[in-house]
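# What the coordinates show
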Amino acid sequence: QTIVQELLGGGADIEIALGADGQRRSVSCVPLPVSLNAPVIEAGDVVVVSGGARGVTAACLIAWAQRCPARFVLLGRTPLLEEPKVCAGILDESGLKQALLSDAKNRAENLTPASLSARVQQVMAAREIRQTLAALVVAGCCAQYRAVAVEDVAAVNTVLAEVRAKIGPIRALIHAAGVIADKRIADKTDAQFSHVFATKVAGLRALLDATRGDDLKLL
């Protein structure tokens, strides 16, 4: 009923929060002065980034690292495993498929096309993670990777407790983890929705819960 009332009579605002307490909130933009000489995150601050080891987020972090030598801890779902020796020196996806398929045949292992594709993606993902870590180090930062599902509350708490103990207090949290499963809403299954929703929304809840006691400068 509340949503229907908002849709029919809520006005022209696009971003609306309807709280469980009955309050209606909207977003307003307030200009603030920005000084490039006074960054929020300083050298040595620990920055935890979910989904930061690959893709556009990794590119943003590398650019940021070139200006601020923070200590980055990247969280991702991909296990950072050593790639099979048969993949050494092979850069393209089709070459990796041929090498892994030949290796499986030599070991009398039957690989389905889906399993083969998954192995190729694992190799390529691990390479991209290592490239990101190396680029952050070249930029003058300390960078580490932890394999964890961000929606797993217990696992996230364990990882971040280890970060505080071994690296230092957490000063920034960036939640960029997400799953791309684009379809029209009418064509999306409940399982597909849950997978996307859990990573982005439940993942944020888990990260916020795990950093509730941290003195964050940036979220």
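Before reading on, note that the structure itself is shown above.
Now for a quick tour of the structure.

The rules behind these values
Residues numbered from 1 in each chain as written. Predicted model: local features only at pLDDT ≥ 70, side-chain atom pairs only at ≥ 80, totals over all residues. Heavy atoms only, no water. Helix = DSSP H or I, 4+ residues; strand = E, 2+ residues; numbered from the N terminus. Rg over C-alpha atoms; globule rule 2.2 N^0.38 Å. Buried < 20%, exposed > 50% of the residue type's maximum accessible area, 1.4 Å probe, protein only. Contact = heavy atoms within 4.5 Å. Areas by Shrake-Rupley, 256 points an atom, 1.4 Å probe, with all protein chains shown as cover. Polar contact = N/O pair within 3.5 Å; in protein donor to acceptor, adjacent residues only side chain to side chain. Phe/Tyr/Trp six-rings, centres within 6.5 Å; stacked < 30°, edge-to-face > 60°.

### With respect to the overall build of the chain
Looking only at helices and strands, the chain features six helices and six strands. Along the chain direction, N to C, the helices and strands of the chain fall in the order α-β-β-β-α-β-α-α-β-α-β-α. What you see for the chain is a C-alpha radius of gyration of 21 Å, clearly larger than the 17 Å of a compact globule of 219 residues, by over 25%. Over its C-alpha atoms, taken along the principal directions, the chain stretches across nearly 65 × 50 × 30 Å. With 219 residues in all, the chain has 30% of them scored as buried. Put simply, 69% of the contacts in the chain that link residues at least 6 apart link residues at least 24 apart. Accessible surface, the chain as shown: approximately 13800 Å² in total, 58% of it carbon and sulfur.

### Notes on the side chain of Glu6
Residue position: Glu6 is located in helix α1 (residues 2-9). When its relative accessible area of 16% is taken as the criterion, Glu6 is described as buried. Engagement of the side chain of Glu6 in a polar contact is seen with the side chain of Arg24, the distance being 2.7 Å. If near-sequence neighbours (up to four positions away) are discounted, Glu6 is found in contact with Ile16, Leu18 and Arg24.

### Thoughts on the environment of Glu15
When you line up the elements, Glu15 lands in the loop between α1 and β1 (16-18). Taking the relative accessible area as the measure of exposure, Glu15 reaches 56% and is therefore exposed. Linking Glu15 and Arg119, residues 104 residues apart in sequence, is a C-alpha distance of 41 Å.

### Details of the packing of aromatic side chains
Throughout the structure, instances matching the rule amount to two aromatic pairs. Judged by centre distance (5.5 Å) and plane angle (70°), the ring pair of Trp64 and Phe72 falls under edge-to-face. Relative to Phe197, the ring of Phe193 lies with its centre 5.4 Å away and its plane at 25°, an arrangement referred to as stacked. Of the two residues, Phe193 and Phe197 both sit in helix α6 (residues 190-210), four residues apart, roughly one turn of that helix. Relative accessible area serves as the criterion here: at 36%, Phe197 is assigned to the partly exposed category.

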